[in-house]
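# Notes for the structure review
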Amino acid sequence: MSSAGRHGNGVRSDCRIRFDADASGVQIDIQSKVKSLYGRQIEEQIRDDLKRMGLQKARITIEDAGALPFALSARLETAVRRAGVTVKSPACPEQRIQPEASPKQRLRRSRLYLPGNLPHLLINAALHEADGVILDLEDSVSAGEKDAARVMVRNALLAVDFADCERMVRINQLPMGLEDLEWVIPYGAQLILLPKCQHADQVRQVVEKIDALDPGYPVWIMPVIETTLGCFHALDIATASDRVASLTLGLQDYLADLGVPQTPEGRESLWAKSQVVNAARAAGLGASDAVYTDVSDADGLRQYALQARQLGYEGMGCIHPRQIKTVHEVFRPSRDEIDRAQAALRAYDQGVAQGTGVTAVDSKMVDAPIVKSAQKIVDLAVKLGLLDADWRTRDNRSRT
């Protein structure tokens, strides 16, 4: 007999399924508080899933804690696979979301990490309005649950509505991560986080595997640089493929590699952060900082995010939904920044009309580099809906 899933005190939106292939026909025992309401529906789904997997004999025990159909199917398939039974076809739910490409240069202020094996965290992830959700197959999943997480993440990609969030998946370190791709690329992943990336060749291996799986649209890659060696190769990694959309830093692994503790000032990681963000900028890409690990320290999070923005990062990871609001506040331009950027661009336009490339606003010089910075602020304000795209002709103020 094999089993998969979770049940007990505190477990919700999940189930534990026990599977025994030594049975005559299909026998299903359902233990659930909602059996009177949904028992028949659950049994019909289990029978359909067994047929899909090519099984005619099975003894199934379900300890249900409110699992939705995609989670129920994932636990059943995992239990069957753990019994060493060959699955004819996977127990996939019907696909609700048609996969499509996410814009390469889209907003990536926040990305929320979600353990791939915990369905209750996946169901309502979109409500937190992060720019991206990361269905994690790596560090947040124990070694003994990697198989279950692959099935759960595949089914979540098919069945869970993540709304406007970019659908990211953090695979495992290569070579295991190459096998992970088979479970997520055909099912709607839009961006792959490649952990422990140290060489450009690792990016090319992932690109080759994605192309072989032929998702039908570009899937972007965000290499996670987490070692001193990776930092030295950051520019090679950023330019390894046009599928690389952004770079990020894995701070805790980097500090472990360096052999030093993290300090509030962050002096020990300043070189690495600068190396990663400058490599990304040199390649024409965005960069996203690491996570801030103390969920209860709101002031520390704000200071960490402010430092990241000052270094040139466009966003950072979040390990709890409560961090998202602060991160978005920090990584959006203030009203004063937008107003000053608009003034600089207007002054520059006027200067160009008068045949000069240099002008001034409030006694401060406005030349090409100032214009470039101002344009980035205005472009971000437009993306965030803080400014109309035709602001030059409407003479409006920012809406922050």
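Here's a quick rundown of the structure.

Rules and cut-offs
Residues numbered from 1 in each chain as written. Predicted model: local features only at pLDDT ≥ 70, side-chain atom pairs only at ≥ 80, totals over all residues. Heavy atoms only, no water. Phe/Tyr/Trp six-rings, centres within 6.5 Å; stacked < 30°, edge-to-face > 60°. Helix = DSSP H or I, 4+ residues; strand = E, 2+ residues; numbered from the N terminus. Buried < 20%, exposed > 50% of the residue type's maximum accessible area, 1.4 Å probe, protein only. Expected span 1.5 Å × (residues − 1). Salt bridge = Lys/Arg side-chain N within 4 Å of Asp/Glu carboxyl O. Axes fitted to C-alpha atoms, helices over the stretch in contact; angles between N-to-C directions. Parallel < 35°, antiparallel > 145°, perpendicular 65-115°, else oblique. Left-handed = near helix turned anticlockwise from the far one by under 90°. Contact = heavy atoms within 4.5 Å. Nonpolar A, V, L, I, M, F, W, Y, C, P; charged D, E, K, R; others polar. Polar contact = N/O pair within 3.5 Å; in protein donor to acceptor, adjacent residues only side chain to side chain.

### Topic: the packing of aromatic side chains
Under the definition given, this model contains 2 aromatic pairs. The interplanar angle of 50° and the centroid separation of 5.1 Å between the aromatic rings of phenylalanine 232 and tryptophan 271 together place this pair among those described as tilted. Of this pair, phenylalanine 232 sits in helix 7 (residues 228–232) while tryptophan 271 is found in helix 10 (residues 270–282), placing the two residues 39 residues apart along the sequence. Judged by relative accessible area, tryptophan 271 falls into the partly exposed class, the value being 38%. Here the aromatic rings of tyrosine 292 and tyrosine 304 are separated by 5.5 Å at their centres, their planes lie at 50°, and the arrangement is tilted. Of this pair, tyrosine 292 sits in the loop between strand 11 (286–289) and helix 11 (298–311) while tyrosine 304 sits in helix 11, and the two are 12 residues apart along the sequence. Accessibility classification places tyrosine 292 together with tyrosine 304 in one group, the buried group.

### Re helix 4 (residues 146–159)
For helix 4, spanning 14 residues, the distance from its first C-alpha to its last is 20 Å, which sits close to the expected 20 Å at 1.5 Å a residue. Extensive coverage of helix 4 is indicated by the burial of 13 of its 14 residues.

### Regarding the pattern of salt bridges
In this structure the tally under the stated criterion is 30 salt bridges. Between glutamate 166 and arginine 106 there is a salt bridge, with its nearest N and O atoms 4.0 Å apart. Placement of glutamate 166 in strand 7 (residues 166–170) and of arginine 106 in the loop between helix 2 (69–82) and strand 5 (110–115) is noted, with a sequence separation of 60 residues between them. Residue glutamate 166 shares its accessibility class with arginine 106, and that shared class is buried. A salt bridge links lysine 196 to aspartate 253, with the shortest nitrogen-to-oxygen separation between them at 3.7 Å. On the criterion of sequence distance, the pair formed by lysine 196 in the loop between strand 8 (191–194) and helix 6 (200–213) and aspartate 253 in helix 9 (residues 251–258) is long-range, its members being 57 residues apart. Assessed through its relative accessible area of 13%, lysine 196 is described here as buried. A cluster of three or more residues bridged by salt bridges with shared partners is formed by Asp136, Glu138, Asp139, Arg170, Lys196, Glu226 and Asp253.

### Regarding the packing of helix 1 (residues 35–53) against helix 2
Where helix 1 meets helix 2, the axes come as close as 10 Å, and the angle between the chain directions of the two elements is 45°. The orientation of helix 1 with respect to helix 2, classified from their angle, is oblique. Taken as a pair, helix 1 and helix 2 cross one another with a handedness that is right-handed. For the pair helix 1 and helix 2, contact is made by Ile42, Gln45, Ile46, Asp49, Leu50 and Met53 and by Pro69, Leu72, Ser73, Leu76, Glu77 and Val80, respectively. Split into classes, the residues belonging to the contact of helix 1 with helix 2 amount to 8 nonpolar, 2 polar and 2 charged.

### Quick notes on the side chain of glutamate 138
By secondary structure assignment, the location of glutamate 138 is in the loop between strand 6 (132–136) and helix 4. Using a relative accessible area of 4% as the deciding quantity, one classes glutamate 138 as buried. A distance of 2.7 Å separates a polar atom in the side chain of glutamate 138 from a polar atom in the side chain of lysine 196. With near-sequence residues (within four places) excluded, glutamate 138 lies in contact with Lys146, Arg170, Ile171, Asn172, Gln173, Pro195 and Lys196.

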